[in-house]
Every structure is written in C-alpha cells, then in structure tokens.
Amino acid sequence: MAENLKDLGASVAQALQATPEYQALQAAFTTMKADADTYKLFQDFQMLQMNLQQKQMSGQDLSDDELKHAQELATQVGAKPAIKDLMAKEKDVNQILNDLNSTITKPIQNIYRG
C-alpha cells in the first residue's frame, strides 16, 4: 500500500512540474539567478531566514541587531523586481500545494470531526 502511495506521489510531482504555475516559477528563478547580485542577495536572505528560524525554534530570543538586519535585507529584497516576481510565482505554486494538501488530509480531518 505505501509503495502505491509513493508511486502516486511521484505522479503528482510530475503533474506539478507540468503546470503553468510551476513552469512560471522555474522561469522566474532562472531570470533572477541570471543577475549575480540579485541572486547573492536572495541567497543571503534565505540564509538569514533559516538562521533566525533555527534560533526561534531553539527558544533563543532574536537580538535587536538581528531584527534590524533582517528588516534591512527584506527591504533590499523587496526592491528587486526579479525577486518580487519569483515570490509571486512561488505563491501561486504554494496555493496548488495547499489545495492538494487539503484534499489529501481531508479523510484524516473527517476522522477527528466525528
């Protein structure tokens, strides 16, 4: 049974890659990555987000300097059209994934709703 679900998952992954939303995300990433400065800023922002999340998850407070740096970097990221476009395309793909997740987990939700 679990093997069938893995096969279905692989099929869903292929179907996702065929969607216009996924293809637009891929194109936006390629465009953003073509500008070395923008790509470096994007990578720095991702790394900062990951580090701050890890600190929060481990119960550590974020310093004022860390928060200020995060806000400054977020402002820089928001000023880059290629990154803004990438984030918009990512949002579209995430909507597909959220809808899919809702469909998949509905039977579990029904169990708990009685």
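For the structure, check the block above.
Residues numbered from 1 in each chain as written. Predicted model: local features only at pLDDT ≥ 70, side-chain atom pairs only at ≥ 80, totals over all residues. Heavy atoms only, no water.

Some thoughts on the pattern of salt bridges
Opposite charge on two side chains allows them to pair when their charged atoms are near. This is how it is decided: Salt bridge, as applied in this entry: a Lys or Arg side-chain nitrogen positioned within 4 Å of an Asp or Glu carboxyl oxygen. Secondary structure follows DSSP: runs of H or I at least 4 residues long count as helices, runs of E at least 2 residues long count as strands, and numbering of each begins at the N terminus. Relative accessible area decides the class of each residue, using a 1.4 Å probe on protein chains only: under 20% of the type maximum gives buried, over 50% gives exposed, and in between gives partly exposed.
Scanning the entire structure with this criterion turns up 3 salt bridges. The salt bridge partner of D44 is K40, with a shortest N-O separation of 2.8 Å. In this pair, D44 and K40 both sit in helix α3 (residues 36–57), 4 residues apart, roughly one turn of the helix. According to the relative accessible area criterion, K40 is partly exposed, its value standing at 47%. The partner of K55 in a salt bridge is E66, with the nearest N and O atoms 2.9 Å apart. Linking K55 in helix α3 with E66 in helix α4 (residues 64–78), this pair joins segments that are 11 residues apart in sequence.

Section: the nonpolar core
To be explicit about the condition: By convention a nonpolar core is built from buried Ala, Val, Leu, Ile, Met, Phe, Trp, Tyr and Cys residues, the set being connected through side-chain atoms within 4.5 Å. Contacts are assigned to residue pairs that have any heavy atoms within 4.5 Å of one another.
Counting 17 residues, the largest nonpolar core has M32, F42, I83 and L86 as its most contacted members. Put simply, the parts of the chain that give this core at least two residues each are α2 (20–34), α3, α4 and α5 (81–113). If near-sequence neighbours (up to four positions away) are discounted, M32 is found in contact with T38, Y39, F42, A82, I83 and L86.

Overview of the packing of aromatic side chains
What counts, and what does not: In this analysis, rings of Phe, Tyr and Trp, with Trp reduced to its six-membered ring, are considered paired at centre separations within 6.5 Å, and the interplanar angle assigns stacked below 30 degrees, edge-to-face beyond 60, and tilted for intermediate values.
Per the counting criterion, the structure on display carries 2 aromatic pairs. Arranged with centres 6.0 Å apart and planes meeting at 85 degrees, the rings of F29 and Y39 form a pair that is edge-to-face. Taken together, the residues F29 in helix α2 and Y39 in helix α3 connect sequence positions 10 residues apart. The partly exposed category is assigned to F29, whose relative accessible area is 30%. Taken together through their ring pairs, the aromatic side chains of F29, Y39 and F42 make up a single cluster.

Everything listed here is a matter of geometry and, on its own, says nothing about what the molecule does.
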